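Fold and geometry: a report
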Amino acid sequence: MRDAVTSLIKNYDLAGRYFDRNAIDSLKSYFDSGTVRVQAAAAINSNAAALVKQAGLKLFEELPELIRPGGNAYTTRRYAACLRDMDYYLRYATYALVAGNTNVLDERVLQGLRETYNSLGVPIGPTVRGVQILKDLIKEQVAAAGVVNTAFVDELF
């Protein structure tokens, strides 16, 4: 898992280059946004379980066929697995938020997710919708915590 700083350093090191203006601007942006990113992560962490539960409820309200017999979230075990997966995504998205780099999402969550879900017969559409609902709830939570511009949350979702 890398953060924005180590990724930048690695790229310039591999090229054998000193930091140029773009690198300095990127570092400045990362450090300038640090307080806001940590503030957002704290808001998410303090309400993570409630956010996941609420996202699940909204998803199943929009797509009730998922929890009906034959649906992918039918049975308590499958319902719980859906919420567990949303929680995993939220946790790694929070790591990526603090790191200022989505690399951890690619490494730990997204690589192989499509293949896994396809092999289990989990529909991708409702999964995507669940993540979108989670994003909207998080943006509300982060805004309520005093963060004015929540656009950086979009990158994670």
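Calculation rules
- Residues numbered from 1 in each chain as written.
- Predicted model: local features only at pLDDT ≥ 70, side-chain atom pairs only at ≥ 80, totals over all residues.
- Heavy atoms only, no water.
- Core = buried A, V, L, I, M, F, W, Y, C linked by side-chain atoms within 4.5 Å.
- Buried < 20%, exposed > 50% of the residue type's maximum accessible area, 1.4 Å probe, protein only.
- Helix = DSSP H or I, 4+ residues; strand = E, 2+ residues; numbered from the N terminus.
- Contact = heavy atoms within 4.5 Å.
- pLDDT = per-residue confidence, 0-100.
- Phe/Tyr/Trp six-rings, centres within 6.5 Å; stacked < 30°, edge-to-face > 60°.
- Axes fitted to C-alpha atoms, helices over the stretch in contact; angles between N-to-C directions.
- Parallel < 35°, antiparallel > 145°, perpendicular 65-115°, else oblique.
- Left-handed = near helix turned anticlockwise from the far one by under 90°.
- Salt bridge = Lys/Arg side-chain N within 4 Å of Asp/Glu carboxyl O.
- Expected span 1.5 Å × (residues − 1).

One finds Ile-44, Leu-51, Leu-90, Leu-105 and Ile-138 to be the most contacted residues of the largest nonpolar core, which totals 31 residues. Of all the elements in the fold, those that place two or more residues in this core are α3 (34-46), α4 (48-62), α5 (76-99), α6 (103-110) and α8 (124-144). Looking at which element gives the most residues to this core, the answer is α5, with eight residues. When neighbours within four sequence positions are excluded, Ile-138 is seen to be in contact with Ile-44, Leu-51, Leu-90, Val-153 and Phe-157. Judged by nonpolar contacts, the second largest core, of six residues, contains Val-5, Leu-8, Ala-23 and Leu-27.

This paragraph deals with the confidence of the model for the chain. Should pLDDT be low for a region, the predicted coordinates there are not to be read in detail. Here the chain averages 94 in pLDDT, and 100% of its residues register 70 or above. Confidence scores differ between elements of the chain, with helix α7 (residues 113-120) showing the lowest mean pLDDT of 82 and α4 the highest of 98.

The backbone of Thr-75 sits at a positive phi, close to 90°, despite the residue not being glycine. By the secondary structure assignment, Thr-75 is in the loop between α4 and α5.

What follows covers the packing of aromatic side chains. For the structure on display, the rule yields five aromatic pairs. Measuring from centroid to centroid gives 5.5 Å for Tyr-12 and Phe-19, while their planes differ by 75°, and the two rings are edge-to-face. Since its relative accessible area comes to 36%, Phe-19 is described here as partly exposed. Arranged with centres 5.2 Å apart and planes meeting at 90°, the rings of Tyr-92 and Tyr-95 form a pair that is edge-to-face. Of this pair, Tyr-92 and Tyr-95 both sit in helix α5, three residues apart, which is roughly one turn of the helix. Relative accessible area serves as the criterion here: at 34%, Tyr-95 is assigned to the partly exposed category.

Before going further, it helps to examine the packing of α4 against α8. Interaxial distance between α4 and α8 falls to 9 Å at its minimum, and their mutual angle equals 130°. Taken as axis vectors, α4 and α8 run oblique relative to one another. Here α4 and α8 pass one another in a crossing that is right-handed. Residue-level inspection shows Leu-51, Val-52, Gln-54, Ala-55, Lys-58, Leu-59 and Glu-62 of α4 in contact with α8, the latter providing Pro-126, Arg-129, Gly-130, Ile-133, Leu-134, Leu-137, Ile-138 and Gln-141.

With that settled, consider the pattern of salt bridges. What the rule picks out here adds up to seven salt bridges. Asp-85 serves as the salt-bridge partner of Arg-84, at 2.9 Å between the closest nitrogen and oxygen. Linking Asp-154 and Lys-135 is a salt bridge whose minimum nitrogen-to-oxygen distance equals 3.8 Å. Here the residue Asp-154 occupies a position in the segment after α8, and Lys-135 occupies one in helix α8, the gap between them amounting to 19 residues. One continuous salt-bridge network, built from bridges that share partners, spans Lys-135, Lys-139 and Asp-154.

What follows deals with α3. In this model, α3 (13 residues) spans 18 Å end to end at C-alpha, consistent with the 18 Å of a helix rising 1.5 Å per residue. Taken as a whole, α3 has its buried residues at Gly-34, Arg-37, Ala-40, Ala-41, Ala-43 and Ile-44. Buried residues in α3 make contact with α2 (21-32), α4, α5 and α8.

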